[in-house]
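Analysis of the macromolecular model
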Protein chains: 2
Amino acid sequence: MHFPAALPLQSGASIRDYSLSFETYGALNADKSNAVLICHALNASHHVAGVYPGQDKSEGWWDNMIGPGKPLDTNRFFVIGVNNLGSCFGSTGPMSLNPDAPVGSARVYGADFPVVTVEDWVNAQARLLDAMGIDVLAAAMGGSLGGMQALSWALQYPQRLRHAVVVASAPNLTAENIAFNEVARRAITTDPDFHGGHFYAHGVIPKRGLRIARMIGHITYLSDDVMNEKFGRQLREAVSREAAGSYLYSTQDVEFQIESYLRYQGDKFAEYFDANTYLLITRALDYFDPARSYGGDLSQALARATCKFLLVSFTTDWRFAPQRSREIVKALLDNRRDVSYAEIDAPHGHDAFLLDDPRYMGVVGAYFDGVAKEMAA
Amino acid sequence: MHFPAALPLQSGASIRDYSLSFETYGALNADKSNAVLICHALNASHHVAGVYPGQDKSEGWWDNMIGPGKPLDTNRFFVIGVNNLGSCFGSTGPMSLNPDAPVGSARVYGADFPVVTVEDWVNAQARLLDAMGIDVLAAAMGGSLGGMQALSWALQYPQRLRHAVVVASAPNLTAENIAFNEVARRAITTDPDFHGGHFYAHGVIPKRGLRIARMIGHITYLSDDVMNEKFGRQLREAVSREAAGSYLYSTQDVEFQIESYLRYQGDKFAEYFDANTYLLITRALDYFDPARSYGGDLSQALARATCKFLLVSFTTDWRFAPQRSREIVKALLDNRRDVSYAEIDAPHGHDAFLLDDPRYMGVVGAYFDGVAKEMAA
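Owing to the predicted nature of the structure, the values given are computational and were not obtained by experimental measurement.

1. Thoughts on the overall build of chain A
Secondary structure summary: chain A contains eleven helices and 13 strands in total. Against the globule reference of 21 Å for 377 residues, chain A gives a C-alpha radius of gyration of 21 Å, in line with a compact fold. Viewed in the frame of its principal axes, chain A has a C-alpha envelope of about 70 × 55 × 50 Å. A buried classification covers 60% of the 377 residues belonging to chain A. Of all intrachain contacts in chain A linking residues separated by at least 6 positions in sequence, the fraction that spans at least 24 positions is 71%.

2. Remarks on the relation of the copies chain B and chain A
The operation relating the pair of chain copies consists of a rotation about an axis and a translation along that axis. Superposing chain B onto chain A takes a rotation of 180° combined with a translation of 0.0 Å along the rotation axis, leaving an RMSD of 0.0 Å. Accordingly, the operation relating the two chain copies is best matched by a two-fold axis. Most of the interface of chain B is mirrored in chain A, where 98% of its interface residues are also at the interface.

3. Things to note about helix 11 (residues 358–376) of chain A
Residues and elements named next belong to chain A. In this model helix 11 runs 26 Å from its N-terminal to its C-terminal C-alpha over 19 residues, within 8% of the 27 Å that 1.5 Å per residue would give. Restricting attention to buried positions, one finds in helix 11 the residues Tyr360, Met361, Val364, Gly365, Tyr367, Phe368, Val371 and Ala372. Looking straight down helix 11, one finds that the buried residues subtend no more than 160° of arc, so they occupy a single side. In this structure, helix 11 carries Pro358, Lys373 and Ala376 as exposed residues pointing more than 90 degrees from its buried face. Among the structural elements, strand 6 (35–39), strand 8 (72–73), strand 10 (139–143), strand 11 (163–167), strand 12 (308–314) and strand 13 (339–344) are those in contact with the buried residues of helix 11. Its side-chain oxygen placed 2.9 Å from the backbone nitrogen of Arg359, Asp357 serves as the N-cap of helix 11.

4. Here we look at the sheet that holds strand 5 (residues 22–25) of chain B
Residues and elements named next belong to chain B. Taken together, seven strands build an open sheet; the order of strands is 5-9-6-10-11-12-13 and the sheet is mixed. Pairing within the sheet leaves two strands with one partner each, and these edge strands are strand 5 and strand 13 (339–344). Averaged over neighbouring strand pairs, the angle between their axes works out to 15° when direction is ignored. Where strand 6 (residues 35–39) and strand 9 (residues 78–82) come together, four bridges link them in parallel fashion. By the bridge assignment, Leu37 is partnered in strand 9 with Ile80. Across the sheet, helix 11 (residues 358–376) touches strand 6, strand 10 (139–143), strand 11 (163–167), strand 12 (308–314) and strand 13, and the angle it forms with strand 12 is around 175°.

5. Observations regarding empty space enclosed by the protein
Considering all chains together, one arrives at seven cavities of 30 Å³ or more under this definition. Its volume calculated, the largest cavity comes out at about 120 Å³. Taken together, the elements giving at least two residues each to the lining of the largest cavity come down to helix 4 (207–221) of chain A together with helix 4 (207–221) of chain B. Within the lining of the largest cavity, the residues separate by chemical class into six nonpolar, four polar and four charged. In terms of lining residues, the second largest cavity is bounded by Leu173, Glu176, Asn177, Phe180, Asn181, Thr220, Leu285, Trp318, Arg319 and Phe320 of chain B. In terms of residue count, helix 3 (residues 175–189) of chain B provides more of the lining of the second largest cavity than any other element does, four residues in total.

6. Considering the nonpolar core
Core analysis: the biggest nonpolar cluster contains 194 residues, and Phe309 of chain A together with Phe309 of chain B have the highest contact counts within it. With near-sequence residues (within four places) excluded, Phe309 of chain A lies in contact with Leu151, Ala154, Ala164, Val166, Leu332, Asp338, Val339, Ser340 and Tyr367 of chain A.

7. What about the sheet that holds strand 11 of chain A?
Residue and element names in this part refer to chain A. Taken in spatial order, the seven strands line up as 5-9-6-10-11-12-13 in an open sheet, and their pairing is mixed. One side of each edge strand has no neighbouring strand; the edge strands of this open sheet are strand 5 (22–25) and strand 13. When strand polarity is set aside, the average angle formed by the axes of neighbouring strands in this sheet is 15°. Direction of pairing for strand 12 relative to strand 13: parallel, over a ladder of six bridges. Counterpart to Val312 in the pairing with strand 13 is Ala342.

8. Brief notes about the packing of aromatic side chains
Here the structure, examined in full by the defined rule, presents 50 aromatic pairs over all chains. With a centroid separation of 5.7 Å and an interplanar angle of 85°, the aromatic rings of Tyr247 of chain B and Tyr249 of chain B are classed as edge-to-face. Like Tyr247 of chain B, the residue Tyr249 of chain B is buried in the burial classification. Joined through ring pairs, the aromatic side chains of Phe89, Phe269, Tyr272, Phe273 and Tyr278 of chain A make up one cluster. Here Arg292 of chain B stacks its cationic end above the ring of Tyr247 of chain A, 4.3 Å away from the centre of that ring.

Rules used in this analysis
- Residues numbered from 1 in each chain as written.
- Chains lettered and ligands numbered in written order.
- Predicted model: local features only at pLDDT ≥ 70, side-chain atom pairs only at ≥ 80, totals over all residues.
- Heavy atoms only, no water.
- Helix = DSSP H or I, 4+ residues; strand = E, 2+ residues; numbered from the N terminus.
- Rg over C-alpha atoms; globule rule 2.2 N^0.38 Å.
- Buried < 20%, exposed > 50% of the residue type's maximum accessible area, 1.4 Å probe, protein only.
- Contact = heavy atoms within 4.5 Å.
- Least-squares fit on C-alpha atoms with pLDDT ≥ 70 in both.
- Expected span 1.5 Å × (residues − 1).
- Arc of directions from axis to C-beta.
- Polar contact = N/O pair within 3.5 Å; in protein donor to acceptor, adjacent residues only side chain to side chain.
- Pairing = 2+ DSSP bridges.
- Axes fitted to C-alpha atoms, helices over the stretch in contact; angles between N-to-C directions.
- 1 Å grid on protein atoms, 1.4 Å probe; cavity = no way out; pocket = protein on both sides within 12 Å on 5 of 7 lines; lining within 4 Å.
- Points joined across faces, edges and corners; volume = space filled by probe spheres on them.
- Nonpolar A, V, L, I, M, F, W, Y, C, P; charged D, E, K, R; others polar.
- Core = buried A, V, L, I, M, F, W, Y, C linked by side-chain atoms within 4.5 Å.
- Phe/Tyr/Trp six-rings, centres within 6.5 Å; stacked < 30°, edge-to-face > 60°.
- Lys NZ or Arg CZ within 6 Å of the ring centre and 35° of its normal.

Here it is, written out as structure tokens:
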């Protein structure tokens, strides 16, 4: 959907002539009360569920969660997936034409794409809902950075949503979270192919940096436990070499399976993800901090929220540990808000929010059953 | 000290015409029973204690631990610091001339320096002791990778040491540990200035990669707690900008103090550390795994050890968590060895092994009092 009116951004800048890619699943009911907005995290998109015709492997990134008869049941809810501004999956972003570029210059935004925040994304999403004639969401829902958007919905548009479902998220990043983002960004920006963010004009892509960034990210998505279980200290060619009982003794070749896995993830990511988008989205993570305007008092910051909440965290998530979700729960309870909270004992670390865990799926399914009953009441 | 005889390495290769840099502190007693060998970790050297004349800021890396009247008291012990093979602080390493290089080729080892292991380092250290006429060590001691060397001493030369002091260490690396090493190595080896490890001949240094590697390393040395306490979410120019209440809204400039700290650490490291040494030393970490030859059974692997042990770990160390030290303690106890173990409640993460903590210093001091009493008995 194209938006001709300029969107003012938190930074003071604005963006004009932008588009948002979105998908919908299920049917909007007559009183438009069954809409659920899904907010995505770093490298996902508006394609949250289902497969595209003729493309067997094109499942949406939350297809286990969303669909007919699934925990978020598209037979009952009208689900909207939207790609955020600054991303690289169809919505206006660094690879889009910059309408304000001087004639004759590089016409693509590149590093000139304005810095966007979680709050900006929520404002853009609200405009999309306006255009769709949806005043009030049954729920806003997301995991990780997507959970921050769901939380921010409750603060920016308290009258426009009934529920916020915030999974594996946090009220802000810790110094360590920011540190990991910063190393990843530096890997990208110091890649000689980055060219200050205007690499498109040079016909190159800072793939080295993107690979490193993704490898770092992947380490933080997995738990130590699951890494040990999946990879441990296994050698890459275990069968032949374990038998021989020897290492390769190389500093540059792949020796352990975990190395092979990380290199593969890095290579794959560098093929499809935009480097400037990586910078923008990690910066949006860094900046999110609703308590900041309240001297760090999260309870005060969340007083604006009026909707009901479901929070879910995972025991082995060390990127956004359960403690961080509990901070949100506590701040909401300080304000006597209606909060459900589930801490799922799962081995998979931060990635657990994307995986099938029957207890997790059960909790979300039961919560949306309740939402559906409220709608019917 | 120069060693003309070739040293056979675990990989099957060997190294000839090598030198080891070392320093000693205190005096060797008449029966040569008071020698303590200090083994270093990734980026340290033989300069473990004291300052060089006229260089006020040249304290040894373990100067708080080692010196007259300190926990390892150089009035009683003869302390030896040695720089390992492959390092870049004086001992033969990748920046040294390669005696086997074809005439007319690049004469420096670079990436041709053979892969060295913890076991190789211990063998080289044993030769140094041979040359010094020291048959038996009062103790071998080290932190982190240095602790692995102290442990390996007890396995490779059980008759040549009375005590092993193993601080903030582990019996091997986890998949996550290897993963962090691998990302750091890939940052270096994919830096266009790396030139396959033969960058010296090109007159360049892969500083971009070294910076990223060091930034990643630093994150893993600190605890989440101490990072939050030291840096939290503070902005770089807190005074002026917090007052203005605004972010810079930049993806490439430094916004948070933690970013400034990491960039500084990365820049500093890239000025003095050799890229090939970084690869070699992280690989030695990856490879260390005494239980490997025993089907993963650490108790069996440690049965060879006969000396007494002190192990120390730190509660917030997530690189080498207390659990890893406890694995060693358990395996030694399975063999009915004499083991002391202290788990220090310290906030500083892995870095704690280099810092002043009165309980930590007290434990080590008391242990060496006992060693001294044994010597006198």
